[in-house]
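Observations on the model geometry
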Amino acid sequence: MSGFDEAVDFVVVGSGGGSMCAGLLMHTLGKKVLILEKTALIGGTTARSGGVMWIPNNRFMKRDGVADSFEQATQYLDALMGQQTDAPGSTPERRRTYLTEAPRMVDFLMSQGVKLNRISYWPDYYDDLPGGSEPGRTVVAELFNVNELGEWKQKLQPTFIRAPVDLLQPSLEEMMELPALTRSWRVKALLAKLVVRGILAKITGKHWIAGGGALQGRMLQAAVKAGIEIRTESSVSELIVESGAVKGVLATRNGRPWRVEARSGVLVNAGGFARNQRMRDQYAPGTSVKWTMATSGDTGEMIEEMMRLGAAVAQMDERVGNQQTHPPGAADGEAKPTAQALTASPHAILVDRSGVRYMNEGGSYMAYCKAMLERNKTVPAVPSWAIFDSQFMAKYWLAGTMPGKAKPEHWYEQGYLKKADSIEALAQQLQIEPATLKSTVERFNGFVARNRDEDFHRGERAYDRWLGDSLNKPSETLGTINQGPFYAVPIVPGDVGTYGGVVTDEHARVLRTDGSVIPGLYATGVSTASVMGRFYPGAGSSVGPSFVWGYVAAKHAGGVK
Ligand SMILES: Cc1cc2nc3c(=O)[nH]c(=O)nc-3n(C[C@H](O)[C@H](O)[C@H](O)COP(=O)(O)OP(=O)(O)OC[C@H]3O[C@@H](n4cnc5c(N)ncnc54)[C@H](O)[C@@H]3O)c2cc1C
């Protein structure tokens, strides 16, 4: 072939979850890999994320004696997704491939020196379905001393897992415990451990990072060690096709056009379109770029480029929802205060703009935000109101602030945080019919008294209870709203990324609308229509598939049987 500036075996577009995993596998096969990243930072939203991967039947569960199997996980996914329509990313064949390859992918990474482990307790999001698991199927990277990356450290996309104090460098699991600090001696002991670890790190010149930062940091370390080339500020704008097959990419190098030949194929791992309002308006109307925590590179052009080649797209209206509350100014930055557990905590509920409760507030973030948008079609519900009382204020974090009644004065002045001595007075501030809100709250308080949410079954799943407060008894998630003053903040259906894209087969090959394969073109991550279809089965249902399909693509492109 002529006209190329450079030739390699495998090009990966974007440095997302699957990129370095695919690169490492290709490297073991003796193939030359080039990863092209548009931004100045490596790791994508994956590095920013919690870095949790949903990997049923993984080696760590076996090590810990936790029962799981391919059959059990298949039963779960089939029970959850069996009836869904219009989700071609989630065929039974792809689901089975995912469940087969996911534990193998973990074994492969461990063999490459990438240290992983599991979080022991994190229920599946529909743990009450057949095959659902209460113990964690969640795999994460071990804490990583990012200083080991040397000069590459500056190039790693920072993670969102940061304690309020720099000295503390908690793991994701530890971070999730910290909110109970004021109420639990166990958590106070944990804090002491973190302080000691932090001091030791300072003395020994270590900087521990967790979550997606640790995951992509460890991947980057392994990739650099293997000699895989990763080029930043190298945006791909075009897939080069010859004789009907993808043969390479047109990228930029030092600001100039640069054509790279890819002898064994191209893998697109370029994220979704969370930061593209035009595509949102087309595929997910009513959602906003202002409410996403995806990284800046998540602009969707590679999905459109694959469509130009005839790729089918599906599930484009799906997003990984993330309910958020935005105090004044908070919507401007990239990291937004999540409200993931706010209304699943005791003493809190979510109501629409008419003052009516309309969901199990303990559901998965994806289901929660979908429910908000769905409700909004009939009753104004974007934003909805979180309603809570002084018991909540005393015990739980609110929009990144510690428990306690002292909140920034400008929150009240600018109308973000509403406060009133009675539910009726609060309703008036929210322009809700007072009798309606009063009756909603009284009905909820009745459910609390009977420890049974007769309307939405909040608390009947282990997941709902896990999301609540383990110290609250008898229910971890139900608690009365009856001690004034009463409060409200708005909640919006934000997201951490989109969840639809090109349709791929069980080898991660991109398919045309007629079901035929586009030769030489593979895709993974949220550039694709998720194997999880229209559901989020458990924590890590986005990063897990990104890694697994990257691994699967590399196996196919490298000719591994
Ligand atoms: C705070 C937060 C926490 C989260 N926690 C979790 C979690 O624990 N588990 C989970 O499963 N999900 C989580 N998510 C969601 C998850 O992080 C993302 O859905 C997932 O990481 C997407 O991965 P990806 O591999 O598809 O793409 P990404 O990791 O986003 O990588 C795509 C990369 O491609 C680059 N790119 C884009 N276009 C081009 C181009 N034209 N040329 C070259 N490069 C390009 C981008 O700049 C980006 O670096 C979280 C998200 C956030 C924000």
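Structural data are supplied above this passage.
The present account deals with the structure reproduced in this document. (Residues numbered from 1 in each chain as written. Predicted model: local features only at pLDDT ≥ 70, side-chain atom pairs only at ≥ 80, totals over all residues. Heavy atoms only, no water.)

Overview of helix H7 (residues 185–204)
The condition is simple: To qualify as a helix, a DSSP run of H or I must reach at least 4 residues; to qualify as a strand, a run of E must reach at least 2; elements of each kind are numbered from the N terminus. A helix is expected to span 1.5 Å multiplied by its residue count minus one. Buried residues are those whose accessible area, probed at 1.4 Å on protein chains only, stays under 20% of the maximum for their type, while exposed residues exceed 50% and partly exposed ones sit between those limits. The directions considered for the arc run from the helix axis to the C-beta atoms. Contacts between residues were defined by any pair of non-hydrogen atoms, one from each residue, lying within 4.5 Å. Here a polar contact is taken to be a pair of N or O atoms separated by no more than 3.5 Å, where protein atoms must pair a possible hydrogen donor with a possible acceptor and residues adjacent in sequence count only if both atoms sit in side chains.
Over its 20 residues, H7 extends 29 Å from the first C-alpha to the last, a length consistent with the 28 Å expected when each residue adds 1.5 Å. All of the buried residues in H7 are Val187, Leu190, Leu194, Arg197, Gly198 and Ala201. Buried residues along H7 cover an arc of 105° about the axis, so they all sit on one side. Counted as exposed and oriented over 90 degrees from the buried face of H7: Trp185 and Ile203. Buried-residue contacts for H7 involve helix H6 (172–177) and strand S7 (208–209). Structurally, the start of H7 carries an N-cap: the backbone nitrogen of Arg186 is 3.2 Å from a side-chain oxygen of Ser184.

So, the nonpolar core
Soluble, globular proteins show a tendency: their nonpolar side chains are buried together. Operational definition: Definition used in this section: a nonpolar core is a set of buried Ala, Val, Leu, Ile, Met, Phe, Trp, Tyr and Cys residues joined via side-chain atoms within 4.5 Å.
Of all hydrophobic cores here, the largest spans 78 residues; its most connected members are Tyr98, Met105, Leu109 and Leu116. For this core, the leading source of residues is helix H17 (residues 543–557), giving 9 residues. Not counting residues within four places of it along the chain, the set of residues in contact with Leu116 comprises Met53, Phe60, Val106, Leu109, Met110, Val139, Val140, Ala141, Glu142 and Leu215. Judged by nonpolar contacts, the second largest core, of 23 residues, contains Val8, Val236, Val249 and Ala251.

Some details on the packing of aromatic side chains
Which entries qualify depends on this criterion: Aromatic rings from Phe, Tyr and Trp, with only the six-membered ring used for Trp, were paired whenever their centres fell within 6.5 Å, and each pair was classed as stacked if the ring planes differed by under 30 degrees, edge-to-face if by over 60, and tilted otherwise. Criterion for a charge above a ring: Lys NZ or Arg CZ within 6 Å of the ring centre, and within 35 degrees of the ring normal.
If you walk through the whole model with that rule in mind, you get 17 aromatic pairs. Relative to Trp549, the ring of Tyr98 has its centre 6.5 Å away and its plane inclined at 40°; by these criteria the two rings are tilted. Taken together, the positions of Tyr98 in helix H5 (residues 92–111) and Trp549 in helix H17 put the pair 451 residues apart, joining distant regions of the chain. As far as burial versus exposure is concerned, Tyr98 and Trp549 are alike and both buried. Taking 4.2 Å as the distance between ring centres and 35° as the angle between the ring planes, the aromatic pair formed by Tyr125 and Tyr463 counts as tilted. Of the two residues, Tyr125 is situated in the loop between strand S4 (116–121) and strand S5 (135–141) and Tyr463 in helix H16 (residues 462–467); the sequence distance between them amounts to 338 residues. Side by side, Tyr125 and Tyr463 carry an identical accessibility label, which is buried. Chaining the aromatic ring pairs together yields one cluster made of Trp122, Tyr125, Tyr365, Tyr463, Trp466, Tyr499 and Tyr536. Lying across the ring of Trp185, Lys188 places its NZ or CZ 4.7 Å from the centre.

Brief notes about unusual backbone geometry
At the junction of Val382 and Pro383, the peptide bond is cis and its omega measures out at 0° in the coordinates. Tracing the sequence through the fold places Pro383 in the loop between helix H11 (365–375) and strand S15 (384–389). For the bond from Lys473 to Pro474, the omega torsion is 5°, close enough to zero to count as cis. With respect to the helices, strands and loops of the structure, Pro474 is situated in the loop between H16 and strand S17 (486–498). We note that Asn57 has phi near 60°; this positive angle belongs to a residue other than glycine. Here Asn57 is to be found in the loop between strand S3 (53–54) and helix H3 (59–63). Using a relative accessible area of 16% as the deciding quantity, one classes Asn57 as buried. Positive phi is not limited to glycine here, since His457 has a value of about 65°. Residue His457 is classed as partly exposed on the basis of its relative accessible area, which comes to 37%.

So, the pairing of strand S9 (residues 236–242)
The following threshold applies: Pairing between strands is defined by DSSP: at least two bridges between them are needed.
Taken together, the 6 bridges between S9 and strand S10 (residues 245–253) define a ladder with antiparallel strand orientation. Among the inter-strand pairings, Glu242 is bridged to a residue of S10, identified as Ala245. From the end of S9 to the start of S10, which pair antiparallel, there are 2 residues, and Ser243 there has a positive phi angle of about 50°.

Notes on the pattern of salt bridges
Formally: When a carboxyl oxygen of Asp or Glu is within 4 Å of a side-chain nitrogen of Lys or Arg, the pair counts as a salt bridge.
Within the structure shown, the criterion is met by 38 salt bridges. With its nearest N and O atoms 2.8 Å apart, the salt bridge here joins Arg357 to Glu361. Exposure remark for Arg357: the relative accessible area of 7% places this residue in the buried category. A single salt-bridge network, built from bridges that share partners, covers Asp86, Asp317, Glu318, Lys370 and Arg534.

Side note on the environment of Arg186
Note on placement: Arg186 falls in helix H7. For Arg186, a relative accessible area of 55% corresponds to the exposed category. Distance in space between the C-alpha atoms of Arg186 and Asp505 is 47 Å, their sequence separation being 319 residues.

Here's the deal with the site of the ligand
What counts is decided by this rule: For this purpose, a residue is taken to be near a molecule or strand whenever a single non-hydrogen atom of the residue falls within 4 Å of it. Using a 1.4 Å probe, accessible areas were evaluated by the Shrake-Rupley method; residue-level cover was limited to the displayed protein chains. Side-chain classes are defined by residue name, with Ala, Val, Leu, Ile, Met, Phe, Trp, Tyr, Cys and Pro counting as nonpolar, Asp, Glu, Lys and Arg as charged, and the others, Gly among them, as polar.
Around the ligand lies a shell of 37 residues, among which Glu37, Thr46, Ser542, Val543 and Ser546 are the nearest. Here Thr46 contributes a side-chain N or O atom positioned 2.5 Å from an oxygen atom of the ligand. In this structure, Gly50 approaches the ligand through a main-chain N or O atom, which is 3.0 Å from a nitrogen atom. In isolation the ligand has 1000 Å² of accessible area, and contact with the protein removes 96% of it. Of all the elements in the fold, those that place two or more residues in the shell around the ligand are helix H2 (44–48), helix H10 (301–308) and H17. Looking at side-chain class alone, the shell around the ligand contains 12 nonpolar, 22 polar and 3 charged residues.

This is a description of form; function is not addressed.
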